[in-house]
Amino acid sequence: MAVILHLFACCAVFLRRPVTAVTPTSILLSGLLCLLVVPVKAEAELPVSGLTERLQPLQSQMQNSTGVYLLEYGEEALMGRAWLTAHAERSIDVQYFIWSSDNIGTLAAEALLSAAERGVKVRVLVDDLLIDADDVTLLSLEAHPNVEVKIYNPLHSVGVSGVKRFLNIALGFRQVNQRMHDKTATFDGVVGITGGRNMADEYYDFDQQYNFRDRDILLVGQAVKQMTGNFEQFWQSDLSKPISDLLQHSKQQLTQQQVREFQQQLHLYAQDPANFAPEVRQALADLPRRFSELVDALVWTEVKFVHDMPGKNSGKEGLKGGGRSTDSLVQVLASAKRTITIQSPYLILPEGGMDFFSDKIAQGVKVKIVTNSLASTDNLPAFSGYAKIREDLLAIGVELYEFRPHPLSQRTLMARYPQVQGAGREPIFALHAKSFVVDGQLAYVGTFNLDPRSANLNTEVGALFNEPTLSSRLEQSILNDMLPVNSWRVTKGDNPDKHASLAKRAKLMGFKLLPLDPIL
């Protein structure tokens, strides 16, 4: 019976994957950008300069401060990554939760190889849980002397047989549920991006059926040193295993001829015009101007890069234990005197969370939270945990808002909205941004969900800052998502579940019966 319960609970980890992760056009890559061969070609007629030259005018500010830019728009976040990858001169370090080998994932793999071939040192660290690239793909990439690939906590997928996976789940429940949820990309150690976005079509508004309202933050300068230090800690951790060690048998069978053929196929695939949608091609052609505008809009301030240690905590407390990111964010929230404004796709309070917010509200702090509705969510197990405490949150005085599947903001946040709508079906627009603002001043943008998994099991990262212009801009963005045209206000005895399909409501009832809360 215990093993069955373990398996039920572990299913919740797998179900955290976005529902569109297997669509033909999805991008699920561990942090390097897709389509990078195209930006290089798009600038072929322009003077080509590297990242160092482009950032030279900012050197004095970068020494003791951090330039910050909020990436609210999916296409903008995509273009920023693409430009940085195309212009990196020395190193690209990427640390992500998901990597797939679908259409654009294949193009991204080619981009990794192309960067390495022009002399850039590329290191990829990806969590093991949801990786689906085959052995030949991984080994052929790492065969290049400038590419290294490591897998974090490989207990599920890479080099793991079905029997071994079952034993890992049955005998090491805490270990298999401890995942690396970090999402970072750093370029030449001077520019970095972190935030909620995975590398998939739906995070950049390029999916025809399901997209995420998400948020990243671009950092230039001082805080990036903290990011690179954290990456190095994870890279050197015993939990991060070289792909060649995990796939020794496959590596022995892989010939140099096979590696060359695979790499050649990657390049040919990337050069085939049929693999690029017209709107992607047009957006990439506009890269030089777009990135220059982004750099001009940087706001300079002090930024703290919040992160966990590999493994999250010692593991002595089982599914509990907290972590450095948890402690840092709780400390900031505890400092609130007037307002706490939160945006989180999943809302399942960790142990003590209800009392924490109850105490803050009793002190006169106004707490507003926007999360997904049943109609918009991609994650029924997580929503079931929220549904159990929804009435309790209302009872203590939390203002609750649930994101609509077709909010009005979708039309402005999605640059491609007219094209997608013109295709005959308006895609669902679900919330995935993880951010909060305290007293209109202290602000956070990162990967941390307001749930037990982020608090106790998954390693998380993000940027904390106290800058009036940025904090006000972020809070206004979250408040805008709470407007009636974008979210439903939840009231006692009346919640927005009625707007979801009967089938989805029935599935929710089933998930509410499962003992999943500690790992949601």
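Cut-offs applied
Residues numbered from 1 in each chain as written. Predicted model: local features only at pLDDT ≥ 70, side-chain atom pairs only at ≥ 80, totals over all residues. Heavy atoms only, no water. Buried < 20%, exposed > 50% of the residue type's maximum accessible area, 1.4 Å probe, protein only. Helix = DSSP H or I, 4+ residues; strand = E, 2+ residues; numbered from the N terminus. Pairing = 2+ DSSP bridges. pLDDT = per-residue confidence, 0-100. Contact = heavy atoms within 4.5 Å. 1 Å grid on protein atoms, 1.4 Å probe; cavity = no way out; pocket = protein on both sides within 12 Å on 5 of 7 lines; lining within 4 Å. Points joined across faces, edges and corners; volume = space filled by probe spheres on them. Nonpolar A, V, L, I, M, F, W, Y, C, P; charged D, E, K, R; others polar. Salt bridge = Lys/Arg side-chain N within 4 Å of Asp/Glu carboxyl O. Axes fitted to C-alpha atoms, helices over the stretch in contact; angles between N-to-C directions.

J.: How should I be thinking about the pairing of strand 14 (residues 399–403) in this particular structure?
T.: Successive side chains on a regular strand alternate, one facing one side of the sheet and the next facing the other. When you tally the buried positions in strand 14, you get five out of five residues, the bulk of the element. Side-chain alternation along strand 14 places Glu399, Tyr401 and Phe403 on one buried face and Leu400 and Glu402 on a second face that is also buried. Pairing geometry for strand 13 (residues 366–372) and strand 14, over five bridges, is parallel. Counterpart to Ile369 in the pairing with strand 14 is Leu400.

J.: Just checking my understanding: could you explain the confidence of the model for the protein chain for this structure?
T.: Residues with a pLDDT of 70 or more make up 84% of the protein chain, whose mean pLDDT is 85. Taken as a whole, residues 1–48 scores under 50 in pLDDT and shows 147 contacts with residues more than four places along the chain or in a different chain.

J.: Teacher, can you tell me more about the layout of surface pockets here?
T.: Sizing a probe to match a water molecule and rolling it over the atoms shows the empty space that remains. Taken as a whole, the largest pocket holds about 620 Å³ of empty space. Those elements that provide at least two residues to the lining of the largest pocket are helix 16 (324–334), strand 12 (339–343), helix 17 (353–362), helix 18 (380–396), strand 16 (435–438) and helix 21 (452–457). The element contributing the most residues to the lining of the largest pocket is helix 16, with five residues. Its residues placed into classes, the lining of the largest pocket shows 18 nonpolar, 10 polar and five charged.

J.: Please explain the pattern of salt bridges as it appears in this structure.
T.: A side chain of one charge can pair with a side chain of the opposite charge if their charged atoms are brought near each other. With the rule as written, the count across this model stands at 15 salt bridges. Across the salt bridge formed by Glu72 and Arg213, the nearest N and O atoms sit 3.0 Å from each other. Placement of Glu72 in the loop between strand 1 (66–71) and helix 5 (74–87) and of Arg213 in strand 7 (residues 210–213) is noted, with a sequence separation of 141 residues between them. Taken individually, Glu72 and Arg213 each receive the classification buried, so the pair is uniform in this respect. A salt bridge links Arg213 to Asp481; the shortest N-O distance between them is 2.6 Å. Taken together, the residues span a long stretch of sequence, with Arg213 in strand 7 and Asp481 in helix 22 (residues 468–481) at a distance of 268 residues.

J.: What is the right way to read the sheet that holds strand 1 from this model?
T.: Within a sheet, each strand pairs with its neighbour through backbone hydrogen bonds, oriented either parallel or antiparallel. The mixed open sheet is built from nine strands, whose spatial order is 9-4-3-2-5-6-8-1-10. The two strands at the open ends of the sheet, each matched to only one other strand, are strand 9 (240–242) and strand 10 (299–301). Strand-to-strand twist of the sheet, defined as the mean angle between neighbouring strand axes without regard to direction, takes the value 20°. Sheet topology note: the strand 6 (residues 191–195)/strand 8 (residues 216–221) ladder contains five bridges and is antiparallel. Bridge pairing in strand 8 places Ile193 opposite Leu218. Taken strand by strand, helix 22 contacts strand 1 and strand 10, and its axis lies near 15° from that of strand 1.

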